[in-house]
Amino acid sequence: QVCDVVRGVVKPSAFRAPITKAPVVLIGPGTGIAPFRAVLRERAAALKGNGASGAPWGPARVSSAILYFGCKRRDEDHLYRDEMSDWDCTLHLAYSREQKHKVYVQDLMRKKNNSEALASAIIDGGGSVYVCGGTSMGSAVLEAVKDALEARLKDRAQAEKYVQSMHDGGRYVQELWS
C-alpha cells in the first residue's frame, strides 16, 4: 500500500573489476548478469581506447574474458542480447527452456572444450572466477569448476585445494542469494 514501510538491507558488492592481464571467467545467469555488464562494458570501452588517459584499465591491461550467461528463452528474457555483441568476450549461452531437457550454465561449463578452456584460463593463465546468481546455481557452478580442474590436475582433492586457494586469494568470488 502507499506509505507502507518497506525494510531492506544494502550490502556492498563483493565484485570489483579485476585490473589484471589474467583471464576473467564471469558466470551470471538471469539477473546475475547485472554486475558483469559493468565489467564487460568497461572492458569494451578500454579496448576501444575510450577510457580516460592513464586509467588503470587501458587497452594494454585488458584481459581475456569468458562469460557464461543463461536465461529461460532467448526471445523472452535475453534482455541484453544486442549489448552482448559489443563486449569482446568468449560468450556461452544457456537457454534452459528451449529444448526438452534443461540446459544451465554449469552444463555448458562441463562440455569438453569449454572445460578445457576453463581449466587453462584458471591454471595456465592465473585467471579469476566471478559467480553471481542463485545459491543452488552457485553450488552447481562450483562443482563444474572443480570438475574442470580435476580433469586437468587428475585428482579431485587437488582440484578442491586449488579452488580453496583461489577463494582465499580473492580469485574465486561469489555473490549469491536464495
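Computed from a predicted structure; not experimentally measured.

Calculation notes
Counting starts from 1 at the beginning of each chain's written sequence and moves along it residue by residue. Given that this is a predicted model, residues contribute local features only at a pLDDT of at least 70 and side-chain atom pairs are listed and counted only at 80 or more, while totals for whole chains, interfaces and linings are drawn from all residues. No hydrogens and no water enter the side-chain calculation; it runs on all heavy atoms of the structure. By this definition, two strands are paired if DSSP reports at least two bridges between them. Helix and strand assignments come from DSSP, with helices taken as H or I runs of at least 4 residues and strands as E runs of at least 2, each series counted from the N terminus. Angles run from 0 to 180 degrees between N-to-C directions of axes, and those axes are lines fitted to C-alpha atoms, restricted for helices to the stretch in contact. In what follows, residue pairs with any heavy atoms lying within 4.5 Å of each other are defined as contacts. A helix's residues, less one, multiplied by 1.5 Å, set its expected span. Only protein chains enter the area calculation, which uses a 1.4 Å probe; residues under 20% of their type maximum are buried, those over 50% are exposed, and those in between are partly exposed.

Participant: Which residues make up the sheet that holds strand β2 (residues 65-71), and what values go with them?
Facilitator: One open sheet accounts for 5 strands, arranged β3-β2-β1-β4-β5; its pairing is parallel. Each edge of the sheet is formed by a strand with only one pairing partner; in this case those strands are β3 (90-95) and β5 (172-177). Sheet twist, expressed as the average angle between the axes of neighbouring strands with direction ignored, equals 10 degrees. Across the sheet, helix α6 (residues 135-153) touches β1 (24-27), β4 (128-134) and β5, and the angle it forms with β4 is around 150 degrees.

Participant: Account for α6, naming residues and giving values.
Facilitator: Taking 1.5 Å as the rise per residue, α6 with 19 residues should run 27 Å; its terminal C-alpha atoms sit 26 Å apart, in good agreement. Looking at α6, one finds that the buried residues are M137, G138, V141, A144, V145, K146, A148 and L149. Looking at the buried side of α6, the elements it contacts are β1, α4 (105-110), α5 (112-124), β4, α7 (156-168) and β5. A positive phi of about 65 degrees marks K154, the residue just after α6.

Participant: I'd like a rundown of the pairing of β1, residues and numbers included.
Facilitator: When a strand is regular, its side chains alternate between the sheet's two faces. Taking every second residue as pointing to the same face, both faces of β1 are buried, with V24 and L26 on one and V25 and I27 on the other. Of the strand pairs in this sheet, β1 and β2 are connected by 4 bridges, and their pairing is parallel. Bridge assignment links L26 to a residue of β2, and that residue is L67. Across 4 bridges, β1 lies against β4 in parallel orientation.

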